[in-house]
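# Breakdown of the fold
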Amino acid sequence: MTRGEFEKIVHEAVERLPAPIRDRLENVEFIVAESPNRRQSGQDELYGLYEGTPFPDRGADFQLAMPDRITIFKRAIERDCPTHEEMIKCIQDPVVHEVGHFLGLDDDELEARGLG
């Protein structure tokens, strides 16, 4: 899958989020990277990563902050998903999971909601 096709699926996954959630995605950028860098943990099995200040923790001074980042890692998803349909699902799941972190949910809360 080309990087452009992959990025399009990430964009479509964001667009499929319910409007009340999409409307909260202020100052967040979605990025596609081949794999995590050392700062991001370097774990090759990682599909996605949220970096930033969760929405509930943002104060009035947050307006001038750099954008939060949700990175989706292409190489791990391509490695683990042999079909196009599996790849689409494998992209959608970490988008939803990482948006959950942006909304202030930890891994246990995400797991309890079936988004682990």
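Residues numbered from 1 in each chain as written. Predicted model: local features only at pLDDT ≥ 70, side-chain atom pairs only at ≥ 80, totals over all residues. Heavy atoms only, no water.

## Remarks on the packing of helix α1 (residues 3-15) against helix α4 (residues 84-102)
The N-to-C vectors of α1 and α4 enclose an angle of 50°; their axes lie 9 Å apart at closest approach. By the angle between their directions, the pair α1 and α4 is classed as oblique. Every pair of crossing elements has a handedness; the one defined by α1 and α4 is right-handed. Residue-level inspection shows F6, I9, V10, A13 and V14 of α1 in contact with α4, the latter providing H84, I88, I91, Q92 and V95. Considered class by class, the residues forming the contact of α1 with α4 number eight nonpolar, two polar and no charged. (Axes fitted to C-alpha atoms, helices over the stretch in contact; angles between N-to-C directions. Helix = DSSP H or I, 4+ residues; strand = E, 2+ residues; numbered from the N terminus. Parallel < 35°, antiparallel > 145°, perpendicular 65-115°, else oblique. Left-handed = near helix turned anticlockwise from the far one by under 90°. Contact = heavy atoms within 4.5 Å. Nonpolar A, V, L, I, M, F, W, Y, C, P; charged D, E, K, R; others polar.)

## Considering unusual backbone geometry
Residue N27 is not a glycine yet carries a positive backbone phi of 60°. Following the sequence through the fold, N27 ends up in the loop between α2 (19-22) and β1 (28-33). Overall, N27 belongs to the partly exposed group, its relative accessible area being 28%. (Buried < 20%, exposed > 50% of the residue type's maximum accessible area, 1.4 Å probe, protein only.)

## Looking at the environment of N37
With respect to the helices, strands and loops of the structure, N37 is situated in the loop between β1 and β2 (48-51). Sequence-wise, N37 and T53 are 16 residues apart; in three dimensions their C-alpha atoms are separated by 20 Å.

## Description of the sheet that holds β1
If you walk across this open sheet you meet the three strands as β1-β3-β2, and the pairing is mixed. At either margin of the open sheet sits one strand with a lone partner, and together these are β1 and β2. Direction aside, the axes of adjacent strands within the sheet are offset by 15° on average. Across the sheet, α1 lies against β1 and β3 (68-73), angled at about 150° from β1, the strand it touches most. (Pairing = 2+ DSSP bridges.)

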